[in-house]
Amino acid sequence: MPDPSLLEAGLAGLFGLLVGSFLNVVIYRLPKMMEREWAAECAELSGTEAPPAEEFNLVRPRSRCRQCGHQIRWYENIPVISYLALRGKCAGCGTAIGLRYPLVELATGALFFFCVQHWGPTPEGAAWCLFSAAIVALALIDWDTTFLPDDITLPLLWAGLILAALRWTPLPLPQALWGAVGGYLSLWLVYHAFKLATGKEGMGHGDFKLFAALGAWFGWQALVPIILMASVIGAIIGIVMKYSSGLREGGYVPFGPFLAAAGLTAMMFSPGAILQFIGL
């Protein structure tokens, strides 16, 4: 007879694959929705009429190939399986489908499996599944666009505080609250100190909000381990990209993905384990 905990975690992993498929939509569409909203606001402020545009949100229009416009049928959108069946190519024109799509699905499925295996099918396990999904979306949106949308960072911040208040996580509410305050203020101070010293902006305001959200989920004691781990990950990847000529124009690398990676590391191994890993 299969282990019930493994069965529950496996079902969570399958559900995570479906969530990962949806995250692919969020990662691609949410920044474009933001850009359309900004364009509409600019048009309104300038007194001009924005040109009519096709309805565009997380649901409509249906997913389609960016090359030929082929609408994705339901059986072409089964996580991982459809990618393998189609051999990574569009059924309409044969254009290659990015490998990142199934990787996001697999990563989200693996994170959901881990959360339910570790915390069980409990409110806390569901909460960490929610955390994982939000972090994956934020990391990839920031990597692609250098945006960290308020539509994800702020709900993630509030979720951490509310879950602590409901005692669905073991973190006391005062620690979650001061974690959020400390996370925001610490990067806010770094940002303004760097701007005063160089006249340049070293990071975006979304980084403040993401770090505040991590503080709300892990507490103020975790802020130092998380920022150190993010810096180590960022330094390693930055060096690799520099010597592989992978840096984008201006040599800028967004910090959000490294904060996100540090947050997932803290979830899986605990903030104390991070300090041990980096020798502190």
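Residues numbered from 1 in each chain as written. Predicted model: local features only at pLDDT ≥ 70, side-chain atom pairs only at ≥ 80, totals over all residues. Heavy atoms only, no water.

Trainee: For the environment of Gln-175, give the residues involved together with the corresponding values.
Mentor: As for its placement among the helices and strands, Gln-175 is situated in helix H6 (residues 173–198). Not counting residues within four places of it along the chain, the set of residues in contact with Gln-175 comprises Gly-215, Gly-219, Trp-220 and Gln-221. Separated by 3.2 Å, the side chains of Gln-175 and Gln-221 make a polar contact. (Helix = DSSP H or I, 4+ residues; strand = E, 2+ residues; numbered from the N terminus. Contact = heavy atoms within 4.5 Å. Polar contact = N/O pair within 3.5 Å; in protein donor to acceptor, adjacent residues only side chain to side chain.)

Trainee: Describe helix H7 (residues 205–218), listing the residues and the values that go with them.
Mentor: Compared with an ideal rise of 1.5 Å per residue, which puts 14 residues at 20 Å, H7 spans 20 Å between its outermost C-alpha atoms and is within 8% of the ideal. For H7, the tally of buried residues reaches 13 of 14 residues, placing the bulk of the element in the interior. (Expected span 1.5 Å × (residues − 1). Buried < 20%, exposed > 50% of the residue type's maximum accessible area, 1.4 Å probe, protein only.)

Trainee: Residue-level account of unusual backbone geometry, with values.
Mentor: A cis amide bond links Arg-60 with the next residue in sequence, Pro-61, at an omega value of -5°. Within the secondary structure layout, Pro-61 lies in the loop between helix H1 (4–46) and helix H2 (81–85). Backbone geometry places Val-80, a non-glycine residue, at a positive phi of 65°. Take Val-80: it is sitting in the loop between H1 and H2. Although it is not a glycine, Thr-146 sits at a positive phi angle of roughly 65°. On the secondary structure map, Thr-146 appears in the loop between helix H4 (123–145) and helix H5 (150–166).

Trainee: So what about the pattern of salt bridges? Which residues, and what values?
Mentor: Under the definition given, this model contains five salt bridges. Note that Glu-55 is salt-bridged to Arg-60, the shortest N-O span being 3.7 Å. Accessibility expressed as a relative area gives 45% for Glu-55, which makes it partly exposed. Between Arg-100 and Asp-144 there is a salt bridge, with the nearest N and O atoms lying 2.6 Å from each other. Of this pair, Arg-100 sits in helix H3 (residues 100–119) while Asp-144 sits in helix H4; the two residues are 44 residues apart in sequence, bridging distant segments of the chain. On the basis of relative accessible area, Arg-100 is assigned to the partly exposed category, the value being 34%. When its relative accessible area of 39% is taken as the criterion, Asp-144 is described as partly exposed. (Salt bridge = Lys/Arg side-chain N within 4 Å of Asp/Glu carboxyl O.)

Trainee: Explain the state of the cysteines to me, using residue names and the numbers behind them.
Mentor: Counting across every chain of the model gives zero disulfides. With no disulfide of its own, Cys-90 lies 3.7 Å from the sulfur of Cys-65, the closest cysteine sulfur. (Disulfide = S-S within 2.5 Å.)

Trainee: Would you mind going over a negative patch on the surface in detail, with residue names and values included?
Mentor: A surface patch of like charges, here negative, comprises Glu-37, Glu-41, Glu-44 and Asp-151. With three residues, the single largest contributor to the negative patch is H1. Of the residues examined, Asp-151 reaches a relative accessible area of 55% and is grouped as exposed. (Patch = residues over 30% accessible without salt bridge, like charges linked within 9 Å, V, L, I, M, F, W, Y side chains within 5 Å. Areas by Shrake-Rupley, 256 points an atom, 1.4 Å probe, with all protein chains shown as cover. Lys, Arg positive; Asp, Glu negative; His and termini not counted. Charge placed at Lys NZ, Arg CZ, Asp CG, Glu CD.)

Purely geometric numbers; function is a separate question.
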